[in-house]
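Breakdown of the fold
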Amino acid sequence: MRRRSLLAVFFFVVLLPACSWQSTHTPPPALHDAAIATAHPLATQAGVQILQQGGNAFDAAVAVTAVLAVVEPYSSGLGGGGFWLLHKARDNTQVMIDGREKAPLAAHRDMYLDADGEVIPRASVDGPLSAGIPGVPAAMAHLARHYGRLPLKQSLQPAITLARNGFAVDEHYRRMAQFRQSVLQNWEDGEAIFLQDGEVPDVGYIIRQPDLANTLEQIANQGADGFYKGEIAGKLVRSVRENGGIWTLQDLAQYSIVERLPLQFSYNGMRVTSVTPPSSGGVALAQIFNMLALGNYDKLNAVDKKHLLIEAMRRAYRDRAEYLGDSDVVDVPVIELASMAHARQLLANLDMQRATPSADLPPVAVDKLDGPDTTHFSIVDKQGNRVAATLSINYPFGSCFVAEGTGVLLNDEMDDFSSKPGSPNVYGLVGAEANAIAPGKRMLSSMSPSFAEYNNRIAVLGTPGGSRIITMVLLGLLQFYDGADATTIVNAPRMHHQYLPDKVFYEPGALPPERIAALQQKGHVLQQLDSTYGNMQVVVMDRNTGRLNAASDKRGVGSAQVLTVE
Ligand code: DON
């Protein structure tokens, strides 16, 4: 495949009508309502409060981001990163705020390998060495300054109050804390904040975070500088370095978010807007939808539909492993990968009767399955502004390391890099070079906040779920295409294939026995998972009536609200 510089890609993106910033549809009528769906009721409440104070969707996004950082410490936080996909009603344009973490300047490609070149277990997952330079504080300040109507201070207030006064532990918190309890016990600050005398807290136990309240206040008063420079930056760097990490003051001072052109593509008239690298989500979605279009997905029977879906997932995930990485550092052939011509090539060996073994595709490195957390929220305000944001600190409770005196729980996003890129393996792997560790580089993500427009309806959606994020958003988009409402979209059963391991994973009950048998007959290996997965948050808008409906995944503890704003 021919590679092109990012500049050339942007040039093409601007020129191609299917990939432009501007929405092709006319703006929707003025709405009376606004809607918010998030993974935590306190975050939804804070978003509603900010809208009622005269804020727009972008102010609400700041408030929700900050509150999630306080009440969902296992999912996202000031010490993490994310992507905020924005639609501005005023000029009908879309932009992606890339607040993804960056590798520290002292990072290097072999930093997680031992003297024998083997990956050191847990080194990229636990403790401060696993943490990239956070993007959330910079993204919140940017959102407030360039898109919001309210002062940052006002939008951060609900989070400051919750950090100071505390929030109550629920069953979900307990499950996440249990999963990471032994690692949280390694460092004093994290243990004291998130555990109760070293144990998983009881339901109803109040988690208070005064240091985090103070850090949020510094951001409220000084903007991003309150985190990336001065007192907090000093504390972060000192604590990280004292505990084996490699951050410097320069890392923090140099961090900046990037505004990127979102990726747009169409599927039978449905226009999808999603993220570009350093997320693999938009590209993979475009590839899969292109393959579905070429395979006449809509016209197939139920078994063949599943077969084509699986084959398209398999092929897109193989490409992801080979080509995708931070496009600011490596050439990622976004336009070629997302083209119909490439989809045609990918389907050249498709057999509608038989599964294509992944081993028969050109080999690349195996991608890891991510741990079970991260968060997403969707917001539409009464002007028609939209935000789809997926945020992460990677594993539950990220690295489990809280920098002393800051309350900031650091991510372990460095694990999203390939720790051992380009190493010859038994399959003669060529891949993962694009996602090798390099100083200042952003690690590849699967987070896929997206918008879709079809038949006078608009969807704002996304979900956590590691490598399964992309296939969940895909299935959600297919539900929307079929006319489903927000509740049906978030609660629909899920299945997933990611090239390697060569298996179809499905939620308990997601596939009827006869469908499983028919797919097995075609040669697919299927595995029912022990539990459900994902936590999708969706808002759907009807352009004709201006009405909204919103839903939070039944698998999580979140809430959705449609409200009338005067
Ligand atoms: O950026 C990524 O793709 C991962 N850090 C996301 C991790 C995740 O979704 C874990 N989730 N359930």
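This section reports on the structure supplied with the text.

Each value, and the rule that gives it
Residues numbered from 1 in each chain as written. Predicted model: local features only at pLDDT ≥ 70, side-chain atom pairs only at ≥ 80, totals over all residues. Heavy atoms only, no water. Helix = DSSP H or I, 4+ residues; strand = E, 2+ residues; numbered from the N terminus. Rg over C-alpha atoms; globule rule 2.2 N^0.38 Å. Buried < 20%, exposed > 50% of the residue type's maximum accessible area, 1.4 Å probe, protein only. Contact = heavy atoms within 4.5 Å. Areas by Shrake-Rupley, 256 points an atom, 1.4 Å probe, with all protein chains shown as cover. Lys, Arg positive; Asp, Glu negative; His and termini not counted. Charge placed at Lys NZ, Arg CZ, Asp CG, Glu CD. Axes fitted to C-alpha atoms, helices over the stretch in contact; angles between N-to-C directions. Parallel < 35°, antiparallel > 145°, perpendicular 65-115°, else oblique. Left-handed = near helix turned anticlockwise from the far one by under 90°. Expected span 1.5 Å × (residues − 1). Near = heavy atom within 4 Å. Polar contact = N/O pair within 3.5 Å; in protein donor to acceptor, adjacent residues only side chain to side chain. Nonpolar A, V, L, I, M, F, W, Y, C, P; charged D, E, K, R; others polar. Core = buried A, V, L, I, M, F, W, Y, C linked by side-chain atoms within 4.5 Å. Phe/Tyr/Trp six-rings, centres within 6.5 Å; stacked < 30°, edge-to-face > 60°.

Observations concerning the overall build of the protein chain
Within the protein chain, the secondary structure is distributed over 18 helices and 20 strands. Taken over the C-alpha trace, the protein chain has a radius of gyration of 22 Å; the compact-globule value for 566 residues is 24 Å, and the two agree within 12%. Its C-alpha atoms put the protein chain at 65 × 60 × 45 Å along the principal axes. Taking all 566 residues of the protein chain together, the buried fraction comes to 63%. Within the protein chain, contacts between residues at least 6 apart in sequence are counted, and of these 74% link residues at least 24 apart. Summed over all atoms, the accessible surface of the protein chain reaches about 19,800 Å², with 50% contributed by carbon and sulfur. For the protein chain, the centre of its 48 positive side-chain charges and the centre of its 57 negative side-chain charges are spaced 6 Å apart.

Brief notes about the packing of helix α2 (residues 41-52) against helix α3 (residues 57-71)
Orientation of α2 relative to α3, taken along the N-to-C sense of each, is 150°, at an axis distance of 8 Å. Classified by the angle between their axes, α2 and α3 sit roughly antiparallel to one another. When the axes of α2 and α3 are compared, the crossing they make is right-handed. Contacts from L42, A43, A46, G47, I50 and L51 of α2 reach α3 at A57, D59, A60, A63, V64, V67, L68 and V71.

Digging into helix α16 (residues 469-481)
Along its 13 residues, α16 runs 18 Å from first to last C-alpha, staying within 8% of the 18 Å computed at 1.5 Å per residue. Burial within α16 is extensive, with 12 of its 13 residues counted as buried. Burial in α16 covers these residues: I469, I470, T471, M472, V473, L474, L475, G476, L477, L478, F480 and Y481. Once α16 finishes, G483 follows within two positions and takes phi at roughly 95°, a positive value.

Notes on the site of the ligand
Around the ligand sit 16 residues in total, of which D373, E413, D416, S445 and G466 are the nearest. Taking G465, its main chain carries an N or O atom lying 3.0 Å from a nitrogen atom of the ligand. G466 is positioned with one of its backbone polar atoms (N or O) 2.7 Å from an oxygen atom of the ligand. Taking 340 Å² as the accessible area of the ligand by itself, protein coverage stands at 98%. Per-class residue counts for the shell around the ligand are 4 nonpolar, 8 polar and 4 charged.

Quick look at the nonpolar core
Counting 86 residues, the largest nonpolar core has M270, F289, L292, L309, L474 and L477 as the members making the most contacts within it. Those residues in contact with M270 that lie beyond four places of it in its chain are F265, F289, A452, E453, Y454, L477, F480 and Y481. With 85 residues, the next largest nonpolar core counts F58, V62, Y74 and A177 among its residues.

Structural notes on the packing of aromatic side chains
For the structure on display, the rule yields 13 aromatic pairs. For the pair Y74 and Y173, a centre-to-centre distance of 6.0 Å together with 75° between the ring planes defines the contact as edge-to-face. Here Y173 lies in helix α6 (residues 171-184) and Y74 lies in the loop between α3 and β2 (81-88), a separation of 99 residues in the sequence. Since its relative accessible area comes to 1%, Y173 is described here as buried. Ring centres 6.0 Å apart and planes at 65° place the aromatic pair Y74 and F397 in the edge-to-face group. Separated by 323 residues along the polypeptide, Y74 in the loop between α3 and β2 and F397 in the loop between β10 (386-392) and β11 (402-403) bring together distant segments of the chain.

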